[in-house]
Amino acid sequence: VKKAFGWESGAAEFALRVPRFSSERSKTLLVVTADLHKERWQEKDVDKMQCQLLSLQQAVQSNGKTLFVALPIPDKLSAYHDDLVDPSPPSGVIDRFTDPRLNRPPVEKAIRAEITAGEIDVYLPNDTHFGSRGQEVTADTVLQFIEERTRKAVAPRTSPAPPK
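Residues numbered from 1 in each chain as written. Predicted model: local features only at pLDDT ≥ 70, side-chain atom pairs only at ≥ 80, totals over all residues. Heavy atoms only, no water.

### What to know about the nonpolar core
One recurring pattern in soluble globular proteins: nonpolar side chains tend to sit buried together.
Part 1: Counting 18 residues, the largest nonpolar core has Phe14, Leu29, Tyr80, Ile111 and Tyr123 as the members making the most contacts within it.
Part 2: Of all the elements in the fold, those that place two or more residues in this core are β1 (11–15), β2 (28–32), α2 (76–79), α3 (107–116) and α4 (132–153).
Part 3: Looking at which element gives the most residues to this core, the answer is α3, with 3 residues.
Part 4: Non-local contacts of Phe14, meaning those with residues more than four positions away in its chain, are made with Lys27, Thr28, Leu29, Val31, Leu36, Leu77, Leu84 and Pro89. (Core = buried A, V, L, I, M, F, W, Y, C linked by side-chain atoms within 4.5 Å. Buried < 20%, exposed > 50% of the residue type's maximum accessible area, 1.4 Å probe, protein only. Helix = DSSP H or I, 4+ residues; strand = E, 2+ residues; numbered from the N terminus. Contact = heavy atoms within 4.5 Å.)

Written out as C-alpha cells, the structure reads:
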C-alpha cells in the first residue's frame, strides 16, 4: 500500500556516542527515513497541530465527565537525538506543544530520562516501536498525569469544623 501511494518506507542509520541497545550494533540507531522529514515542519504547522488537539480536547470534555489526554510520542530519532555522534538530523517537535491548557503528559521527558539514565532498549533496536521499558514508562507517566488531574477535579472542599 505504501508503495502504491508513493510513501517512503526506507530506513536510516545513525551512530550513537554510547550503547543504547541490546543488539550487536548497540551504538547504531535505526530509524525510518520519514523521521528525517520533520525538519520541514514550520512553527505554523506545530501551532495548527496544537490547536487541533485543543479543539478535540474541548469537544471530548464538553460532557463535563470525560478527560481527554493527548499522547504524542517522540519518534526514535528524537528520543535518542542527544546521543547522536552527528547531531545534524532534525529533532522532534513535541516539546513545542506548550499550551498549558492541553492535557499532555510529559512522556517525551520521561522517555529521555530513561535513556539518559542508561536504560537499554527503551525503543526496540531494529524497530521504531517502544521496547517493554518504553511502554512501561509511558503507561506510568500517563497514569500519574490522570491521577493528578482527577485528584484536582475531585478535591474535597474544606468545610468548617462541626460545633462541639
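After that view of the structure, there is still more to cover.
### Observations concerning the pattern of salt bridges
Part 1: In the structure shown here, the tally under the stated rule is 9 salt bridges.
Part 2: A salt bridge links Glu13 to Arg25; the nearest nitrogen and oxygen atoms lie 2.7 Å apart. In this pair, Glu13 sits in strand β1 while Arg25 sits in the loop between β1 and β2, placing the two residues 12 residues apart along the sequence.
Part 3: A relative accessible area of 47% places Arg25 in the partly exposed class. (Salt bridge = Lys/Arg side-chain N within 4 Å of Asp/Glu carboxyl O.)

### Remarks on helix α1 (residues 43–61)
Since the α-helix advances by 3.6 residues per turn, residues separated by three or four positions end up pointing in the same direction.
Part 1: With 19 residues, α1 should cover 27 Å at 1.5 Å per step; its first-to-last C-alpha distance of 27 Å lies within 8% of that length.
Part 2: If you check which residues of α1 are buried, you get Val46, Gln50, Leu54 and Gln57. For α1, the buried positions fall inside an angular range of 75° around the axis, keeping them on one side. Structural note: α1 exposes Lys44, Lys48, Cys51 and Ala59 on the side pointing more than 90 degrees away from its buried face. (Expected span 1.5 Å × (residues − 1). Arc of directions from axis to C-beta.)

### Considering α3
Part 1: Within the sequence span of α3, burial applies to Val107, Glu108, Ile111, Glu114 and Ile115. For α3, the angular spread of the buried residues around the axis is 125°, confining them to a single face. Exposed and oriented more than 90 degrees from the buried face of α3 are Lys109 and Thr116.

### Observations concerning the packing of aromatic side chains
Part 1: All chains considered together, the criterion is met by 3 aromatic pairs.
Part 2: Ring plane angle 45° and centroid distance 5.0 Å describe the contact between Phe21 and Tyr80, whose orientation is recorded as tilted. With Phe21 in the loop between β1 and β2 and Tyr80 in the loop between α2 and α3, the pair connects residues that are 59 residues apart, well separated along the chain.
Part 3: Seen in terms of ring centroids, Tyr123 and Phe130 are 4.9 Å apart; in terms of plane orientation they differ by 55°. Their pairing is tilted.
Part 4: Through successive ring pairs, a cluster of aromatic residues spans Phe21, Tyr80, Tyr123 and Phe130. (Phe/Tyr/Trp six-rings, centres within 6.5 Å; stacked < 30°, edge-to-face > 60°.)

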